[in-house]
Amino acid sequence: MTGSAPRGAQVRGKDIPKPVRSWNQCGLATRVLEILRKAGYDKPLPIQAQALPVIMSGRNCIGIAKTGSGKTLAFVLPMLRHIKDQARPWGPRSPRSLSLPRHVEQ
């Protein structure tokens, strides 16, 4: 089923979460919101608007878009929220995630 997507995005699946329109809808820590604002990110880009609610609801998401479209941030923000919510059984310096960006040259 095709869902309602931000301009320029196409989505498929069942019961697709509605895209977010602002960073405040993402459940991010105040400090992260401040950093986004200071960095000039006023609102989520189309791939972020669609991917964030999908990923944050625990669903699988595959994002295909051009370099510079915001894919990495769409995956890193939910990761940061998840890490923040975890207990620290192994101490503060234990690894919590691994992110391997893949760049394909044309």
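First things first, this report covers the structure right here in the doc.

## Overview of unusual backbone geometry
Of note in the backbone geometry, Asp15 takes a positive phi value of approximately 45° without being a glycine. With respect to the helices and strands, the residue Asp15 is situated in the segment before α1 (30–38). With relative accessibility at 67%, the residue Asp15 sits in the exposed group.

## Describing helix α3 (residues 71–85)
For α3, built from 15 residues, the straight-helix expectation of 21 Å at 1.5 Å per residue is met to within 8% by its first-to-last C-alpha distance of 22 Å. The complete set of buried residues in α3 reads Ala74, Leu77 and Pro78. Across the axial projection of α3, the buried residues extend over an arc of 90°, all falling on one side. Relative to its buried face, α3 has exposed residues pointing more than 90 degrees away, namely Thr72 and Lys84.

The rules we used
Residues numbered from 1 in each chain as written. Predicted model: local features only at pLDDT ≥ 70, side-chain atom pairs only at ≥ 80, totals over all residues. Heavy atoms only, no water. Helix = DSSP H or I, 4+ residues; strand = E, 2+ residues; numbered from the N terminus. Buried < 20%, exposed > 50% of the residue type's maximum accessible area, 1.4 Å probe, protein only. Expected span 1.5 Å × (residues − 1). Arc of directions from axis to C-beta.

In short, shape yes, function no, at least from these values alone.
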